[in-house]
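Listed below are the residues making up each chain.
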Amino acid sequence: MSAAIPSPKPRPTACLALADGTVFYGMGFGATGDTVAELVFNTAMTGYQEIMTDPSYAGQIVTFTFPHIGNVGVTPEDDETAQPVAAGMVVKWDPTEPSNWRATADLASWLAARGRIGIGGLDTRRLTRAIRRQGAPHAALAHDPNGNFDIAALVAKARGWVGLVGLDLAKDVTCAQSYRWDETLWVWPQGYGRREGPGLRVVAIDYGAKRNILRCLASTGCEVTVLPASATAADVLALNPEGVFLSNGPGDPAATGVYAVPMIQGVLAAGLPLFGICLGHQMLALALGAKTVKMNHGHHGANHPVKDIDTGKVEITSMNHGFTVDSQSLPKGVRETHVSLFDGSNCGIRVEGKPVFSVQYHPEASPGPQDSFYLFERFAASMQARRAA
Ligand SMILES: NC(=O)CC[C@H](N)C(=O)O
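Residues numbered from 1 in each chain as written. Predicted model: local features only at pLDDT ≥ 70, side-chain atom pairs only at ≥ 80, totals over all residues. Heavy atoms only, no water.

Draft legend 1. Region of interest: a nonpolar patch on the surface. A surface patch of nonpolar side chains, about 230 Å² in accessible area, is lined by Val314, Ile316 and Leu341. Checked against the element boundaries, Leu341 lands in the loop between β15 (334-340) and β16 (346-351). (Patch = residues over 30% accessible without salt bridge, like charges linked within 9 Å, V, L, I, M, F, W, Y side chains within 5 Å. Areas by Shrake-Rupley, 256 points an atom, 1.4 Å probe, with all protein chains shown as cover. Salt bridge = Lys/Arg side-chain N within 4 Å of Asp/Glu carboxyl O. Helix = DSSP H or I, 4+ residues; strand = E, 2+ residues; numbered from the N terminus.)

Draft legend 2. Focus on the confidence of the model for the protein chain. Mean pLDDT for the protein chain: 95, with 98% of residues reaching 70 or above. For this predicted complex, the interface score ipTM comes out at 0.97, alongside a pTM of 0.96. (pLDDT = per-residue confidence, 0-100.)

Draft legend 3. How the structure looks around the sheet that holds strand β11 (residues 243-246). With mixed pairing, 10 strands are arranged side by side in an open sheet as β8-β10-β9-β11-β12-β17-β16-β15-β13-β14. The sheet terminates laterally at β8 (179-181) and β14 (314-325), the two strands that pair on one side only. Looking at each pair of strands side by side, their axes are set apart by 25° on average, direction ignored. Sheet topology note: the strand β9 (residues 200-206)/β11 ladder contains four bridges and is parallel. Residue Ile205 lies in a different strand from β11, and its bridge partner there is Leu246. (Pairing = 2+ DSSP bridges. Axes fitted to C-alpha atoms, helices over the stretch in contact; angles between N-to-C directions.)

Draft legend 4. Looking closely at the layout of surface pockets. In this model, the largest pocket occupies a volume close to 430 Å³. In terms of lining residues, the largest pocket is bounded by 23 residues, among which Glu50, Trp186, Asn212, Ser366 and Gln370 are the most central. Ranked by residue count, the leading element in the lining of the largest pocket is helix α6 (residues 211-219), at three residues. For the lining of the largest pocket, the per-class residue count stands at nine nonpolar, six polar and eight charged. Here the lining of the largest pocket spans two domains, and each of domain 1 (14-160) and domain 2 (170-388) adds at least three residues to it. (1 Å grid on protein atoms, 1.4 Å probe; cavity = no way out; pocket = protein on both sides within 12 Å on 5 of 7 lines; lining within 4 Å. Points joined across faces, edges and corners; volume = space filled by probe spheres on them. Nonpolar A, V, L, I, M, F, W, Y, C, P; charged D, E, K, R; others polar. Domains from an automatic or database assignment.)

Draft legend 5. Structural context of the UniProt feature "domain: Carbamoyl-phosphate synthase small subunit N-terminal" (unreviewed entry) in the protein chain. In the numbering used here, UniProt assigns the feature "domain: Carbamoyl-phosphate synthase small subunit N-terminal" (unreviewed entry) to residues 12-142. The annotated region residues 12-142 carries 18% helix and 31% strand content, and the separation between its end C-alpha atoms amounts to 11 Å. (UniProt positions renumbered as here; feature names shortened; annotations may be inferred.)

Draft legend 6. Inspection of the site of the ligand at higher detail. Taken together, 13 residues lie around the ligand, and Gly249, Gly251, Cys278, Asn320 and Phe323 are the ones closest in. Take Ser56: an N or O atom from its side chain is 3.0 Å from a nitrogen atom of the ligand. A distance of 2.8 Å is found between a nitrogen atom of the ligand and a backbone nitrogen or oxygen belonging to Gly251. Protein contacts shield 97% of the accessible area of the ligand, which totals 300 Å² for the unbound molecule. Counting residues per element, the shell around the ligand draws most heavily on β14, at four residues. Grouping the constituent residues of the shell around the ligand by class yields four nonpolar, nine polar and no charged. (Near = heavy atom within 4 Å. Polar contact = N/O pair within 3.5 Å; in protein donor to acceptor, adjacent residues only side chain to side chain.)

Draft legend 7. Broad picture of the domain arrangement of the protein chain. On domain assignment, one finds that the protein chain holds domain 1 (14-160) and domain 2 (170-388). Taking only C-alpha atoms into account, the centre of domain 1 sits 28 Å from that of domain 2. The partner domain 2 presents 23 residues to the 29 residues of domain 1 that form the contact. Counting the surface lost from both domain 1 and domain 2, the interface buries some 1800 Å², and carbon and sulfur atoms represent 49% of this. Ranking the residues of domain 1 by area buried against domain 2 places Pro55, Ser56 and Glu80 at the top, with a combined share of 29%. Where domain 1 packs against domain 2, one counts one salt bridge. A salt bridge links Lys294 to Glu38, with the nearest nitrogen and oxygen atoms 2.8 Å apart. Connecting domain 1 to domain 2 are 12 residue pairs in polar contact (both at pLDDT 80 or more). When its residues are assigned to classes, the side of domain 1 that touches domain 2 shows 12 nonpolar, nine polar and eight charged. (Contact = heavy atoms within 4.5 Å. Buried area = accessible area lost by both parts, 1.4 Å probe.)

Below is the structure:
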């Protein structure tokens, strides 16, 4: 009897080269070519489309630890922004045919249309351990249907990449002009309902805002005017807002802070209620005199426990950040309100006695739990209290 002939292994059509020289091979999907970025991992089990379109992921390739990615396809309704944002995606296996009544396209063609590369069929557990060990390494991702790769050049590209520290990416993903946002949430978090009464005039600064944040603001009764990241305090105050919102966004908060901090300080001097999320949180902290630092591999997922220090209550939150506010650097009069139960890092601050607060996590979810929606209610309530006074 002759020995069974082993089936030939398909030739890899994509590869991921880490700056330390480790190379992972797999099957490419989406766009072809190559790209270089910081490599992170996200542990969320749902919401791959919202993750890929979250502008905060600009300059990052996302490794999905959950194995079934692509199985529900994509729909324009789930885009968090119109532009392609995350630099690329890494998944356990090739995306399957979508099986979902909402799907209008499959992940691979959607990714190709956005000019982004995907790689599947590699060991995402081994890769995730490498990311944890190396601390969000720089990596080059290449897709060639013929499988021809210049590995040395890709490794050199990863090694030579500048990295996110010192990089202002908000300027690349912010809106070109101001606009009004009216759309509310389609599904209300449990226990909350529509607000009546004259709208609260809110100016939201777009450093790479997710649409669901704007929906959450509109749902709590805000008439939202969105301004580009470069807006000055005078631009903001000219709109006579009752509150100011600082959005999430990509890159280094200190780099964007160069122009955002003076604006925030101007708004603080005017005594307006202010609410910030993620990059907005980090830049509020900078404006108040605290420091931000780069984390080892950051927090990216939809199940991160956060403790509210005032109430002792634990929220399960959506997270996506690679920088963090150094809680030791918070000046007098600025209180830490929330901490991560994973590593004790800062997750929220408040200016004592003022309606000025921010959180490191994503209360708008999308994807993730809705435990933290109360923060939008709190922002609206602080504007209403000011109006009543
Ligand atoms: N989601 C965000 O706003 C991210 C903020 C910042 N770019 C960070 O990585 O920490």
